[in-house]
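What follows is the residue order along each chain.
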Amino acid sequence: MAGGNERSMKALKEVWRRAENSLCADCGKPDPDWASSTLGVFICLSCSGIHRNIPSISKVKSLKMDHWDDAQVQFLAKHGNAVTKATYEAHIPIYYYQPTYNDCQVLREQWIRAKYERKEFTEPGKQLPYSDGVKEGILWKRGRDNGQFLPRKFLLSEREGCLKYFTKQDAKEPKINIKIDVINATFQPVKIGNPNGLQITYLKDNKTRNIFVYHESGKEVVDWFNAIRSVQFHYLKVAFPIASDNEIKNRLTRNFLKEGYMEKTGPKQREAFKKRWFTLDHRRLMYFKDPLDAFAKGEVFVGSRENGYSVQKGLPSGTQGNFSWHYGLTIVTPDREYLFTCETETDQLDWITAFTSVINQAMTPQEYASRCLDPISFLS
């Protein structure tokens, strides 16, 4: 820590060591080593970069490399993460998604701007752009067949309990009408190739359909995301009146547990292994020829250990199919075994960890009902 007298350094370290300041105030990352001298919060390096983009609100400095004068240290001591959160996070709607350090840039940036710049959560009952039960606007949607992103009108309605999109702005009938309770939404900037890329998935005839959209404005696309969560929350409150708010919150949009390429073989386990893109969405394992395919080529239900499901490292001895990747894993179900190979040992271990986390969870009644999924086909 450059400069500064010994007294200030000692006082700064004492404030920094408080338990409340051991996690980044904005994303929860452990051991933050930056702070805002105007807000009084301790933040990580990544979030400090976002703060630096709103200099009228936040002035950031390194706790290790920059000099802090007595007045700045006293300001940190008077505030800190707990006091500042009590002001700027006083009235966050329960459905609002609070990102962590694992989330993408647009989510974290809009969360920080919502708190400190727009002060969306400082007053009770404040009218928010994602809270009135209806949202209408243009999103750029990827065409299912041609792969081009074109502007499409979307309409989200709590009263109708659905999300619609129209191929033309003056169209009277929607192209698709999606029930709000079968929708998931997750940010996919890398996959979509846009920093504001959002993947919307929904069930159609018990199969998953993907829609890929983005908006030029980070605020607008995050508002859409939280509007979907808001409508879902109020819909589920009516559908499950005795459920607690936290139980309903846990049923809103979710990130995929794991995505990436693996090789797979067919049910006879003698066919050549083929490289495919896999998505593990809780108990649904889906595979695609291309990460941006609208429909999965197949899906399989991943149940719990007490129902005969397990994941094993490696392939069964005598596996005959040709494969180019050599880090195998086997999913065992009551019906059959599914064989995969991964490119690296790290990928193999990450997939095993993801499958294990699902298999170790007890199944809910709704998940028992969803076991009617057709077994995944590895023939295509």
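The name given to the protein in an unreviewed UniProt entry is ADAP1 protein, and the organism recorded there is Stercorarius parasiticus. Taken from UniProt, the Subcellular location (unreviewed entry) comment for the protein reads in full: "Cytoplasm".

A few words on helix 3 (residues 70-78). The N-cap of helix 3, judged by a side-chain oxygen 3.2 Å from the amide nitrogen of Ala71 a few residues on, is Asp69. Backbone geometry just after helix 3 places Gly80 at a positive phi near 80°.

A few words now on the side chain of Thr84. Looking at where Thr84 falls in the secondary structure, it is placed in helix 4 (residues 80-88). Engagement of the side chain of Thr84 in a polar contact is seen with the backbone oxygen of Leu39, the distance being 3.1 Å. Those residues in contact with Thr84 that lie beyond four places of it in its chain are Leu39, Gly40, Val41, His79 and Tyr116.

At Asp31, a position not held by glycine, the phi torsion is positive, near 60°. Its place among the elements puts Asp31 in the loop between helix 1 (6-16) and strand 1 (34-36). Not every positive phi belongs to a glycine, and His282 is a case in point at roughly 55°. Locating His282 in the fold gives a position in the loop between strand 12 (274-281) and strand 13 (284-288).

What follows deals with the UniProt feature "domain: PH" (unreviewed entry) in the protein. The sites that UniProt annotates as "domain: PH" (unreviewed entry) are residues 132-233 and 255-360. Structurally, residues 132-233 is divided into 20% helix and 46% strand, and its ends, taken at the C-alpha atoms, are 12 Å apart. Each end of residues 255-360 is marked by a C-alpha atom, and these two atoms are 19 Å apart; helix forms 14% of the span and strand 38%.

Attention shifts here to the sheet that holds strand 9 (residues 198-204). Sheet architecture is open: seven strands sit in the order 7-6-5-4-10-9-8, paired in antiparallel fashion. One side of each edge strand has no neighbouring strand; the edge strands of this open sheet are strand 7 (176-179) and strand 8 (183-187). Across the sheet, the mean angle from the axis of one strand to that of its neighbour is 35°, orientation sign disregarded. The sheet contact formed by strand 4 (residues 134-142) and strand 10 (residues 207-214) spans two bridges and is antiparallel. Looking at strand 10, one finds that Trp140 is bridged to Tyr214.

Cut-offs applied
- Residues numbered from 1 in each chain as written.
- Predicted model: local features only at pLDDT ≥ 70, side-chain atom pairs only at ≥ 80, totals over all residues.
- Heavy atoms only, no water.
- UniProt positions renumbered as here; feature names shortened; annotations may be inferred.
- Polar contact = N/O pair within 3.5 Å; in protein donor to acceptor, adjacent residues only side chain to side chain.
- Helix = DSSP H or I, 4+ residues; strand = E, 2+ residues; numbered from the N terminus.
- Contact = heavy atoms within 4.5 Å.
- Pairing = 2+ DSSP bridges.
- Axes fitted to C-alpha atoms, helices over the stretch in contact; angles between N-to-C directions.

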